Amino acid sequence: MSTNFSKVEQQFFDHSSRPAGTTKLPYLVVDNFPQLGFLTTLRFLEWVSENPEGVVSLPTGKTPEYFIRWMEYLKANWNDKQLTRLRHDHGLDIEHFPDFSGLQFVQIDEFFPIDPRQHNSFYHYVNQFYLAGFGLNPERAQLINCDQIPTADNRPLSEIFPDSHVDLSLRYCDCHALADKRQKATIFMIDQWCTEYEDRIRAKGGIGFFLGGIGPDGHVAFNVSGSDHNSTTRLTATNFETQAAAAGDLGGIEISRNRLVITIGLATITYNPEATAIIIAAGEAKAGIVQASMENESDIRYPATALQSLANSRFYLTESAASALNDSRDLFYGPASWSEEHTDRAIIDLAGRLNKFGHKITLDDLKGDRFCRRIPGLGANTVRETLIRLIGKIDRGLDETVDEVFYHTGPHHDDIMLGYAPHVLHLVRTPRNHHHFSVLTSGFTSVTNAYIIGILKETNSLIASDQIQMINYPDFFEQGYRYKWDKDVYHYLDKIASRNFAGQRRGLCHRAVRALVEIFDLKSKSDLITEIDATINYLAGCYDGEKNSPEVQRLKGMIREFEEELVWAHLGVRVRNISHLRLGFYTGDVFTEQPDRRRDIPPILEQLRRIKPTVITLALDPEGSGPDTHYKVLQAIAEAVRQWSEETDLSKLRIWGYRNVWYRFHPAEADIIVPVSLNSMAVSQAMFRESYLSQKEASFPSYEYDGPFSDLAQSIWVQQHRAMELMLGKDFWYMNDHPRLRAAHGMVYLKELNVEQFLAMARELEKSMEGKIV
């Protein structure tokens, strides 16, 4: 395969020490997310220096975070000697920072309809980060401003589409109602505008430099899986995977499910045969779609395969995003790095590919497999040894764990529950174990405005009917609101037991009142009613996805905290043993800050000193997979543990890493495999649905499942059991002497580390996310 690398690209390729790839598209692999941004920045500067008036299209969202950061840093420090050497070492030999004023910028896509003044519009994003941030000339920019798209009778979009719902079937309808006629006419006017948008791009000669990310379904721009490779700029619907990914931007799946998009097409990107088209991807969660997009022939299921028609198309990847490529797997299974985990992974994967029980895999099967044939000492007992190791992991999951002090940590509310709740159900059964649950961020971004408005309106009604009597106590607004927060929890659970839904809602409203009094420092019943009305009006005036005020963020967070207390109170855990740390790095911004050692570490360290855990649990996701909050919380915990280790002997401390709906352990990675019964699944489901009321509607779902996270978690546990069932055979389970194994229909995977291993792993993960280039 011809790579046709530029000078910058060739330098990065040489530094990577990887052999030439065998994929359908050339690619470069770097160690970490920041280095991905550095490579992209240098390549863009190289291209601009050669094409000062070229046509460029750049992405939005979190994908280009380090591209934007590196560009701003290089622009501000261009003459720094160390940076000058760094640029030259990586093939960029230009003397001056390029002048961007001659570039012609083309916006890739936009939600429709959306007010361009909203911070979550892509129009706002490109103006902030590219036109203003990079210094591009707005007069040479071709943008998608929904306010400037023609409409029927020149009426505002909010009048024509009052609920922001655009019904594309009107294109083919014989409309009679005036509102439908206006909508149909406007849709055709938008279609014409899109055609003209495409014509303007082609009149420039097409896009010269395209940079984009890749979505969970493989979408490029908003060209979702199944898009015609000859598609042009158009108004179109998206698929669920894309809607789920956009839910956070738009304020919930309820909004993104019904929001259309305007996007350039795949043929728009490939129109210029000389175009440089780069797809960037970071994180192991992208590995599967990256592999499918790079190793398949041109296929509408994988939009990025359309780029095979361009000689200068590329993928820029982190090591983990490239990990599923056959090239990477060849390197992974190299003889120099072989371990028992390599053997187990190769055999488990072979069983899955062959759909063959582990004990029926033959030596010929192993020798015929691309990777299994490399197992050192391959022989008749190889598979048996893997099965013995898997059974050992299951035995550890059955251990009667006693006399332990658990410090269960979650980045967000519900992470612990979705990760390993079935194991907690067994751990809490003995009073000889002690449990403390700690949620490290506020979690306010997962609560919709509509949900809070509903609670506040219900609270107002209960106050009006004198059903929140605690506010009548003479000292309630001075100090009484601080007491008996656990009574709210007990009251709520009592009403669950009696199936009294109205009583449950009343308990929730009691907690909302306490939160409001604390947040707004309210002094009387009238103050409370006034603030409730003001907050309702404020939220009603917010657009979907708008960043809330700090006070409303705190209110949303405190509702989520109440939910977490309800979950573990099901198991008898006291409110005082459930902590809400609200670490300050969690802000809800597009690009969030890293944990601050002076602000975010001390609260965790104080808890470690006070609780003195013997087991710490934490979300252990690979680089770039799942919410970045998971990574940041892990680093904060690692630093707190490191500081604690300087004053305490932690040789017996164990770290249990878990994963939930965002990513999974391979069975070969796991050290503890916990059987999950139908009873445990039912209890976990009930706890989730009865406690996480703000999450029952799944407003911010995973792209893998259109429904509550609890359903997806159960599906994952079942899939993990099927993998073990395939390896060990069905009779291992239903004929087993152990009742928990006979009852098992799901599995939870955990990874156990000692302190030294955990800190080393955290450092490696830090390098992959924040690694230094210099």
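Counting starts from 1 at the beginning of each chain's written sequence and moves along it residue by residue. Local features are withheld for residues below a pLDDT of 70 in this predicted model, meaning they are given only at 70 or higher, and side-chain atom pairs are given and counted only at 80 or more; totals for whole chains, interfaces and linings count all residues. Side-chain measures here rest on the full set of heavy atoms in the structure, leaving out hydrogens and waters.

K.L.:
Explanation requested: the packing of aromatic side chains in the structure shown.
P.N.:
When we look at a pair of aromatic rings, we describe it by the centre distance and by the angle of the planes. When the centres of two rings from Phe, Tyr and Trp lie within 6.5 Å, Trp using its six-membered ring, the rings pair. Their planes under 30 degrees apart give stacked, over 60 give edge-to-face, and anything left gives tilted. Scanning the model with the defined rule gives 35 aromatic pairs in all. Residues Phe 112 and Phe 161 carry aromatic rings whose centres are separated by 6.5 Å and whose planes lie at 75° to one another, so their mutual orientation is edge-to-face. Placement of the pair is Phe 112 in strand E4 (residues 109-112) and Phe 161 in the loop between helix H6 (157-160) and helix H7 (178-203), with a sequence separation of 49 residues. Given the relative accessible area of 1%, Phe 161 is considered buried. Put simply, DSSP marks the helices as runs of H or I at least four residues long and the strands as runs of E at least two long, and each gets a number from the N terminus on. Under the scheme applied here, a residue whose accessible area is under 20% of the maximum for its type counts as buried, over 50% as exposed, and between as partly exposed, the area being computed with a 1.4 Å probe on protein chains only.

K.L.:
How should I be thinking about the sheet that holds strand E5 (residues 209-212) in this particular structure?
P.N.:
At least two DSSP bridges between two strands are required for those strands to pair. Read across the open sheet, the six strands follow the order E1-E9-E8-E5-E2-E3; overall the sheet is parallel. Looking at the sheet topology across the chains shown, the edges are occupied by strand E1 (27-30) and strand E3 (104-105). In this structure, E5 lies alongside strand E8 (residues 276-281), joined through four bridges in parallel fashion. Across the sheet, residue Leu 211 finds its bridge partner in E8, namely Ile 278. Whether two residues are in contact is decided by their heavy atoms: any pair within 4.5 Å suffices. Here an angle of 0 to 180 degrees is reported between the N-to-C directions of two axes, which are lines fitted to C-alpha atoms, with helices fitted over the stretch in contact. Those strands touched by helix H11 (residues 287-295) are E1, E8 and strand E9 (312-318), and its axis lies near 155° from that of E9.

K.L.:
Is there a simple way to explain the environment of Ile 280 in this structure?
P.N.:
Looking at where Ile 280 falls in the secondary structure, it is placed in strand E8. Linking Ile 280 and Glu 766, residues 486 residues apart in sequence, is a C-alpha distance of 20 Å. Not counting the four nearest positions on each side in its chain, Ile 280 is found in contact with Leu 36, Thr 40, Thr 63, Leu 211, Gly 212, Gly 213, Ile 214 and Tyr 316.

K.L.:
Would you take a moment to explain the pairing of E1 for this structure?
P.N.:
Within a regular strand, the side chains alternate between the two sheet faces. Burial along E1 is two-sided: Tyr 27 and Val 29 facing one way and Leu 28 and Val 30 facing the other are all buried. By the bridge criterion, four bridges tie E1 to E9 in an arrangement that is parallel. By the bridge assignment for E9, Val 30 is matched with Thr 318.

K.L.:
Would you take a moment to explain helix H13 (residues 340-354) for this structure?
P.N.:
For an α-helix, the turn length of 3.6 residues means that residues three or four places apart are oriented alike. The span one expects for a helix is its residue count, reduced by one, times 1.5 Å. Relative to the 21 Å expected for 15 residues at 1.5 Å per residue, H13 spans 21 Å between its end C-alpha atoms, a close match to the ideal helical length. Taken together, the buried positions of H13 are His 342, Thr 343, Asp 344, Arg 345, Ala 346, Ile 347, Ile 348, Leu 350 and Ala 351. Next to the buried residues of H13 lie helix H12 (326-332), helix H14 (363-367), helix H15 (382-398) and helix H25 (709-728). After H13 finishes, the residue Asn 355 shows a positive phi value of roughly 50°.

K.L.:
I would appreciate a short explanation of the packing of helix H17 (residues 449-464) against helix H20 (residues 525-540) in the present structure.
P.N.:
Each pair of packed helices gets described by two things: the angle between the helix axes and the distance between those axes. H20 packs onto H17 with a crossing angle of 150° between their chain directions and a minimal axis gap of 10 Å. Regarding the angle of H17 to H20, the classification is roughly antiparallel. Crossing of H17 against H20: the hand is left-handed. Listed contacts from H20 to Asn 449, Ile 452, Ile 453, Leu 456, Lys 457, Thr 459, Asn 460 and Ile 463 of H17 are Lys 525, Leu 528, Ile 529, Ile 532, Asp 533, Thr 535, Ile 536, Leu 539 and Ala 540. Under the convention adopted here, Pro, Cys and the residues Ala, Val, Leu, Ile, Met, Phe, Trp and Tyr are nonpolar, Asp, Glu, Lys and Arg are charged, and Gly plus all remaining residues are polar. Taken together, the residues of the contact of H17 with H20 sort by class into ten nonpolar, four polar and three charged. Under this scheme an angle from 65 to 115 degrees is roughly perpendicular, one under 35 degrees roughly parallel, and one over 145 degrees roughly antiparallel; angles in between are oblique. Crossings are assigned a handedness: left-handed for a near helix turned anticlockwise from the far helix by less than a right angle, right-handed for a clockwise turn.

K.L.:
Just to check I follow, could you spell out unusual backbone geometry for this structure?
P.N.:
Comment: phi is negative for the bulk of residues other than glycine, and the bulk of peptide bonds are trans. Following Phe 112, the chain continues into Pro 113 via a peptide bond in cis, with omega recorded as -10°. For Asn 154, which is not glycine, the phi torsion reads 60° and is therefore positive. In this structure, Asn 154 sits in the loop between helix H5 (122-134) and H6. Looking at Asn 154, the relative accessible area reads 70%, which means it is exposed. Not every positive phi belongs to a glycine, and Arg 582 is a case in point at roughly 50°. As for its placement among the helices and strands, Arg 582 is situated in the loop between strand E12 (578-580) and helix H22 (597-611). What makes Arg 582 partly exposed here is its relative accessible area of 33%.

K.L.:
What's the story with the nonpolar core in this structure? I'm lost.
P.N.:
Soluble globular proteins tend to bury their nonpolar side chains together. Ile 604, Ile 616, Ile 637, Val 641, Trp 733 and Phe 758 are the most contacted members of the largest nonpolar core, which has 63 residues in total. Ranked by residue count, the leading element in this core is helix H23 (residues 628-645), at nine residues. Those residues in contact with Trp 733 that lie beyond four places of it in its chain are Ile 394, His 721, Met 724, Glu 725, Leu 728, Leu 741, Arg 742, Ala 744 and Met 747. Put simply, buried Ala, Val, Leu, Ile, Met, Phe, Trp, Tyr and Cys residues joined by side-chain atoms within 4.5 Å make one nonpolar core.

K.L.:
Would you mind going over the pattern of salt bridges with me for this structure?
P.N.:
Pairing between side chains of opposite charge can happen when the charged atoms of each approach one another. Between Lys or Arg on one side and Asp or Glu on the other, a salt bridge is scored when a side-chain nitrogen of the former is within 4 Å of a carboxyl oxygen of the latter. Within the structure shown, the criterion is met by 49 salt bridges. As a salt-bridge pair, Arg 599 and Asp 600 come within 2.9 Å of each other at their nearest N and O atoms. A network of salt bridges, in which partner residues are shared, links Glu 9, Arg 43, Glu 46 and Arg 314.

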